[in-house]
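One-letter residues, chain by chain:
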Amino acid sequence: QDRIKNLGKIKLVERENIHLTLKFLGEADGNKIDDIIKILDSISKNKKNKKFKINLCCVGAFPDENYIKILWVGVFDGSEEILNLQQQIDTQLESLKFKKEKRFHPHFTIARVSFLNPGDKKELRQVLKENSNTCFGEFETCGFDIIKSELTSSGPVYSVIKKFEFK
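These numbers were taken from a predicted model, which means no experiment stands behind them.

J.: Help me understand the pattern of salt bridges in this model?
T.: Side chains that differ in charge, positive against negative, can pair when their charged atoms come close. Applying the stated criterion across every chain yields a total of seven salt bridges. We note a salt bridge from Glu14 to Lys11, for which the minimum N-O separation is 2.9 Å. The salt bridge partner of Lys45 is Asp41, with a shortest N-O separation of 2.9 Å. Within this pair, Lys45 and its partner Asp41 are both found in helix H1 (residues 33-45), separated by four residues, close to a single helical turn.

Structure below.
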């Protein structure tokens, strides 16, 4: 984030707000929240789901390096566990009429780009290239949360509705 903060019009994600989204629920009907919690609780208690390490490696852009809108840090170790967990959530929430994700790529969004002049775009591409194999650290995850996101004029405000720990 320090290398890109002065390029173009880039909004850095505040460090405390950096997260990995397993499933975006959108505007969830209040009546569904209890059912969502029950499903997520059963997934967290599934014996196949255990604590695991996540190793953060490489940086990239969505949709691609020619049209950069999102900058992210990828997952190396732990990506298989994340994909498995995401598929469980996706499949089980279908019963509540949530659509399955078409494509899921484990990542942590670090910035959103609204405008880059040609010079800044070239420099940003260089930063991406230089960090394509860089590892940024690792941590252990013990579970996941269901989060409520409220958009405000100063950015999103996240609050935890419920934490789910692996048993």
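J.: Is there a simple way to think about the pairing of strand E4 (residues 107-115) in this case?
T.: Taken residue by residue, a regular strand's side chains alternate between the two faces of the sheet. Pairing analysis gives four bridges linking strand E1 (residues 9-12) to E4, with the strands arranged antiparallel. If you follow Ile10 over to E4, its bridge partner there is Val113. Inspection of the sheet shows strand E3 (residues 67-75) paired to E4 by five bridges, in the antiparallel sense. Its bridge partner being in E4, Val73 is matched across the sheet by Phe108.

J.: I tried to follow the state of the cysteines on my own but got confused; where do I start?
T.: Counted under the stated rule, the structure contains one disulfide. Disulfide pairing places Cys57 opposite Cys135 at an S-S distance of 2.0 Å. Its torsion about the S-S bond being 95 degrees, the disulfide of Cys57 and Cys135 is classed as right-handed. Linking Cys57 in strand E2 (residues 52-64) with Cys135 in strand E5 (residues 135-141), this pair joins segments that are 78 residues apart in sequence. Counting only cysteine sulfurs, Cys57 is the nearest neighbor of Cys58, a cysteine outside any disulfide, at a range of 6.8 Å. Accessibility expressed as a relative area gives 22% for Cys58, which makes it partly exposed. Just so you know, Cys142 is unpaired, no disulfide at all, and the nearest cysteine sulfur is the one on Cys57, 20 Å from it.

Criteria and thresholds
- Here the residue numbers are simple positions, counted from 1 along each chain's written sequence.
- Per-residue local features are limited, in this predicted model, to residues with pLDDT of at least 70; the limit for side-chain atom pairs, both in listing and counting, is 80 or more; totals at the level of whole chains, interfaces and linings are taken over all residues.
- As a rule here, side-chain values cover all heavy atoms of the structure and leave hydrogens and water aside.
- Just to be clear on terms, a salt bridge is a Lys or Arg side-chain nitrogen sitting within 4 Å of an Asp or Glu carboxyl oxygen.
- By definition, any uninterrupted DSSP run of H or I lasting at least four residues is a helix, any uninterrupted run of E lasting at least two residues is a strand, and each is numbered from the N terminus.
- At least two bridges found by DSSP between two strands are what make those strands a pair.
- Here, a disulfide means two cysteine sulfur atoms that sit within 2.5 Å of each other.
- Exposure categories follow from relative accessible area, calculated using a 1.4 Å probe and restricted to protein chains: below 20% of the type maximum is buried, above 50% is exposed, and the middle band is partly exposed.

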